[in-house]
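Notes for the structure review
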Amino acid sequence: MAVFILRRLAQSVLVMLTVSLIAFAMFRYIGDPVNQMVGVDTTPEQRAALREALGLNDSVYVQFVRFVWNALHFDFGISYQFKQPVGELILSRLPATLELSIASAIFALVIGIPMGVYTGINRDAWLSKLFLTVSLVGISLPTFLIGILLIFIFAVNLRLLPSFGRGDVIDLGFWRTGLLTASGLKALILPAITLGLFQMTLIMRLVRSEMLEVLRTDYIKFARARGLSERAINFGHALKNTLIPVITVTGLQLGAIIAFAIITETVFQWPGMGLLFLQAVQNVDIPIMAAYLMLIAFLFVVINLTVDILYTVVDPRVRIGGSAT
Amino acid sequence: MTLRNVTVAAAIACVLGFGPADAKTLRWAFQGQLGALDPYTLNETFTLGQLGNVYEGLTRRGKDLAIEPALAESWEIVEPTRWRFKLREGVKFANGNDFNADDVVFSAERVLSENSDLKTRLPADVKVEKVDDYTVDFVLSSPNPILHYEWDTWYIMDKEWSEEVGLTNVVSASDTASSKAAFMSNGTGPYVIESHEPGVKTVYKPNPDWWDEIEGNIDEVVFTPISQDATRVAALLSGEVDLVDPVPVQDIERVNASDNADAMTGPELRTVFLGFNSIRDELPTSDVKGKNPFQDANVRKAFYQAIDIEAIKSKVMRGLATPSALLISPLLFEGSGEFERHPYDPEAAKKLLADAGYPDGFTVGMDCPNDRYVNDEAICQAVAAMLARIGVKVDLNAQTKSKYFGKVLATGGYDTDFYLLGWTPGSFDSYNILVNLAGCRDETGKGGPFNLGGWCSPEVDELAKQILVENDPAKRDQLIADAYTIMHEQVSHIPLHQQSLAWGKSKKLDLVQRADNQVLFKWMTLND
């Protein structure tokens, strides 16, 4: 067990090192940050002095080692644009992204599961076919298009919901929340739907196929034979057994939601980490880009590691396989 | 007041309802974000324009860009190299400190200090002398008739305050130390910044003690950056913001068709032009070996006459461009009317090429940004197609601005043979253009730092020297016209057009759109 976890940990460290190398290498070729930071009138001498001050003239190895060492201390340097430590900036933008991600995950679950159950039970109902068709749209349309469509319908035409921003936020000291104001909640609706639509479709289809599977099993037949009500069979027995994979997938997808919030945040000008990242890309703010990539990689590594470790607890075969090879 | 306190206060304000019922809040959105508030950090139009609501210079520019007195009540040239400025009395900074000559001397030293991005506002060897509390002399080493032309964006800072918060040194764009002070402001202008969260939201409030009257009626300004074009236009159409900049060219009709917003367009000061590399002995991207075809003025003129500027205007720019014969906007040079573009004439162009020894044309690489100017890449594609008609094959390399500028500017060794660039003279004056874009330069850029192709004319350089020290406006204009005539005849560059500004605004909003693209709240009125 300990060996297995240690090995997984070592692999995670390797993954993180690789990601940091890729992040580091990629950013070196994204363009000269100096050109973004100064006006067009700035003289070549001033530009050269700037490169020196930023450490852009050191050798690649020195820059990489310095980068990893600092990252270990959650020190990603000072943002070129904001003159603030990048760690602080990301933490200040984290609540917005987490609120959006969790809201869209809840949206995906609350809508996706019942739809999955319904389409699983009533396979041939016209409503099921409608759900499936609509879900196909949800899965095939790119996020930004859905976002712009929603803005067009609900903000521009119907004027019901705001098209951008986070509404009024209340500062709790450690967390700035938009969940406590009416405008904040209204502003959350469109981005959460946009971000959660894909996951909702995924969950619906997953629940549906699991339901179809479970409903064919013997214990359901026996339950029917015993004369249990349809409701008890469907929700008490069948649904409960479909939820295990759903929970696993949802957990893993939460990482994806946070990571891919970039597009939704940009479309809705949602002031979270993803927007910060994209603005950083536009302004070649390398410290922010590096920190963000590392953070997302770290998130995925942690989630996967946790899942792996949980598997060893649940399934002894993983443990044996892990120590044998 | 810390950011957190401001937010709490804002939250309480929300709970209690929004102040007086008739408060006029202007909500406006720009495509980029407002970063540091140190007025000497970045020499860039948007930042300086926003800070122009908060800070003031000794001079300012009016609705028609004419120079007006601001913090200086009047000035005179006592002797050709000594300018005397009489300062306005009774002006206070937002924190209550008095404005006086010490602040001007301090600001002059600061704007010339090491990290400043606005060093061009003053000659490097100027001596600033305090005569009394409200009189300051600027002593120059040589006469300079346009000394004060850029001073509307040389904002005067409070000496005591700057020392107190630790802003004695300029926070440079590259500073790797964290600086909270760089996000504070203390100006004498019509508005004060109440809270500033870079990349998220900035709130302005009127300055009750401003020495002048605010013409408009805006009581509060909430600025949000919205980078996505579609979202920004949607926010305008849905009435969530009152003003957006810019409206993408393709959305202008849609905005005008809506019942609550319209687009305001007008010529911008920036001129977009094409340039040739004539300093290299051989063009690396060309199949012509052993010589540089761009050193021949006939070839340059052939390129000029091959370009159908009206087609670019109507097809690429959708009418939102003003073709130009000079590298300067007609708003900035009175003699512009005397110049006319070389006519579009592909036949004449072919003949010129043949005369120069290239009857079958040649190939050449072209560098172009794709996210810097309006439809920049599309312009380059159109130019490439037009040049193909006279037998010149253009290999277009359009890339993002950071890569583009990294290649073509001095830092990249001026690595370009044929390029597209846009330029606004910071001083609003031709001298800036004659030096920066047309001055003879060496390898490192000394002489003409933004003369990417290194075109060189000793006559133009000589004229520029005279223009710098000529105090008589009429004579000076004649010298400038002479220089432009040489550049026009020699085809030093191919001026294309001034692109248009396109702001989108609510029908309820009245405002003044100035060609320098500064968004100034003091002239804005929101009607019911």
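The rules behind these values
Residues numbered from 1 in each chain as written. Chains lettered and ligands numbered in written order. Predicted model: local features only at pLDDT ≥ 70, side-chain atom pairs only at ≥ 80, totals over all residues. Helix = DSSP H or I, 4+ residues; strand = E, 2+ residues; numbered from the N terminus. Rg over C-alpha atoms; globule rule 2.2 N^0.38 Å. Buried ≥ 20, exposed ≤ 12 C-beta atoms within 10 Å, placed from the backbone. Pairing = 2+ DSSP bridges. Axes fitted to C-alpha atoms, helices over the stretch in contact; angles between N-to-C directions. Domains from an automatic or database assignment. Contact = placed C-beta atoms within 7 Å. Nonpolar A, V, L, I, M, F, W, Y, C, P; charged D, E, K, R; others polar. UniProt positions renumbered as here; feature names shortened; annotations may be inferred. Parallel < 35°, antiparallel > 145°, perpendicular 65-115°, else oblique. Left-handed = near helix turned anticlockwise from the far one by under 90°.

**Some points on the overall build of chain B**
Of regular secondary structure, chain B possesses 14 helices and 19 strands. Against the 2.2 N^0.38 benchmark of 24 Å for 528 residues, chain B shows a C-alpha radius of gyration of 25 Å, consistent with a compact globule. Each principal axis of the C-alpha atoms in chain B carries an extent, and together these give about 75 × 60 × 45 Å. Within chain B, the fraction of its 528 residues that count as buried is 50%.

**Remarks on the overall build of chain A**
Within chain A, the secondary structure is distributed over 14 helices and 2 strands. Looking at chain A as a whole, 38% of its 325 residues are labelled buried.

**Topic: the sheet that holds strand β4 (residues 72-79) of chain B**
Residue and element names in this part refer to chain B. Here 4 strands make up an open sheet; going across it, the order is β4-β5-β7-β6 and the pairing antiparallel. Of all strands in the sheet, those with a lone pairing partner are β4 and β6 (127-132), marking the two edges. Averaged over all adjacent pairs, the angle separating strand axes in this sheet is 25°, with direction ignored.

**Observations concerning the domain arrangement of chain A**
Residues and elements named next belong to chain A. As far as domains go, chain A holds domain 1 (7-72) and domain 2 (88-324). For domain 1 and domain 2, the distance between their C-alpha centroids amounts to 33 Å. Listed per partner, the contact involves 15 residues of domain 1 and 12 residues of domain 2. Secondary structure elements with two or more residues in the side of domain 1 that touches domain 2: α1 (2-28), α2 (33-37) and α4 (60-72). For the side of domain 1 that touches domain 2, the element with the most residues is α1, which contributes 9 residues. Here the residues of the side of domain 1 that touches domain 2 sort into 10 nonpolar, 4 polar and 1 charged.

**Quick notes on helix α12 (residues 273-282) of chain A**
Residue and element names in this part refer to chain A. When you tally the buried positions in α12, you get 7 out of 10 residues, the bulk of the element. Considered for burial, the residues of α12 that qualify are M273, G274, L275, L276, F277, Q279 and A280. Trailing α12 by a residue or two, V284 shows a phi angle of about 50°, which is positive.

**Description of the pairing of strand β12 (residues 261-276) of chain B**
The side chains of a regular strand alternate, residue by residue, between the two faces of the sheet. All names here are of chain B. For β12, the buried fraction is high: 12 of the 16 residues fall into the buried class. Relative to strand β17 (residues 493-506), β12 runs antiparallel, the two sharing 12 bridges. Bridging across to β17, L274 finds its partner in I494. In the sheet, β12 pairs with strand β16 (residues 418-423) via 6 bridges, with the strands oriented antiparallel.

**A word on the UniProt feature "domain: ABC transmembrane type-1" (unreviewed entry) in chain A**
This chain's UniProt record puts "domain: ABC transmembrane type-1" (unreviewed entry) on residues 94-311 of chain A. Along residues 94-311 of chain A one finds 80% helix and 2% strand; the C-alpha atoms at either end are 29 Å apart.

**Describing the environment of E489 of chain B**
Residues and elements named next belong to chain B. As for its placement among the helices and strands, E489 is situated in helix α14 (residues 473-490). A residue is classified by how many C-beta atoms lie within 10 Å of it, and E489, with 11 of them, is exposed. Separated by 242 residues in sequence, E489 and V247 place their C-alpha atoms 37 Å apart.

**Thoughts on the UniProt feature "transmembrane region" (unreviewed entry) in chain A**
The UniProt entry lists residues 12-30, 100-118, 130-154, 174-198, 243-268 and 288-311 of chain A under the feature "transmembrane region" (unreviewed entry), expressed in the numbering used here. Annotated as residues 174-198 of chain A, this span is 68% helix and 8% strand, and its ends, taken at the C-alpha atoms, are 31 Å apart.

**Regarding helix α9 (residues 218-226) of chain A**
Little of α9 of chain A is tucked away: 0 of the 9 residues are buried. Downstream of α9 of chain A by a residue or two, G227 of chain A has a phi angle that is positive, lying close to 85°.

**Some points on the packing of helix α8 (residues 182-215) of chain A against helix α10 (residues 230-259) of chain A**
All names here are of chain A. At a closest axis distance of 9 Å, the pairing of α8 and α10 adopts a crossing angle of 155°. In this view, α8 runs roughly antiparallel relative to α10, as classed from their interaxial angle. As for the relative orientation of α8 and α10, their crossing is right-handed in sense. Here L195, Q199, L202, I203, L206, V207, E210, M211, V214 and L215 of α8 lie close against α10, whose contacting residues are A238, N241, T242, P245, V246, V249, T250, Q253 and I257. Of the residues contributing to the contact of α8 with α10, the split by class is 13 nonpolar, 5 polar and 1 charged.

**What about the packing of helix α7 (residues 297-306) of chain B against helix α9 (residues 346-355) of chain B?**
All names here are of chain B. Contact pair α7 / α9: the axes reach a minimum separation of 8 Å and the direction vectors enclose 160°. The orientation of α7 relative to α9 falls into the category roughly antiparallel. In the crossing of α7 with α9, the sense of the turn from one axis to the other is left-handed. Note on element contacts: α9 touches α7 through P346, A348, A349, L352, L353 and D355, opposite N298, V299, K301, A302, Q305 and A306.

**Remarks on the pairing of strand β7 (residues 135-139) of chain B**
Residues and elements named next belong to chain B. Going residue by residue along β7, you find V136 and F138 tucked away on one face and T135, D137 and V139 left uncovered on the opposite face. Direction of pairing for strand β5 (residues 82-87) relative to β7: antiparallel, over a ladder of 5 bridges. Its bridge partner lying in β7, R84 is registered against D137. Here β6 pairs with β7 via 5 bridges, running antiparallel. For E129, the partnering residue across the bridge sits in β7 and is D137. Taking the residues that link successive antiparallel strands as the turn, the β6-β7 hairpin has 2 residues.

**Regarding unusual backbone geometry**
Omega for the bond connecting D245 of chain B with P246 of chain B falls within 30 degrees of zero, at -10°, which places this linkage in the cis form. Looking at the secondary structure, you find P246 of chain B in the loop between β11 (243-245) and α6 (252-257). Located in the positive-phi region is Q269 of chain A, a residue other than glycine, with phi close to 45°. In this structure, Q269 of chain A sits in the loop between α11 (261-267) and α12.

**Quick look at the domain arrangement of chain B**
Domain annotation for chain B reports domain 1 (3-242 + 508-526) and domain 2 (267-500). The partner domain 2 of chain B presents 14 residues to the 14 residues of domain 1 of chain B that form the contact.

**Re the environment of D209 of chain B**
Tracing the chain through its elements places D209 of chain B in the loop between β9 (201-206) and β10 (220-225). Sequence separation of D209 of chain B and V460 of chain B is 251 residues, and the distance between their C-alpha atoms is 49 Å.

**Side note on the environment of T188 of chain B**
If you trace the backbone, T188 of chain B turns up in the loop between α4 (159-165) and β8 (191-197). Excluding residues that lie within four positions of it along the chain, T188 of chain B makes contacts with E56, L71, V91, F93, F99 and I156 of chain B.

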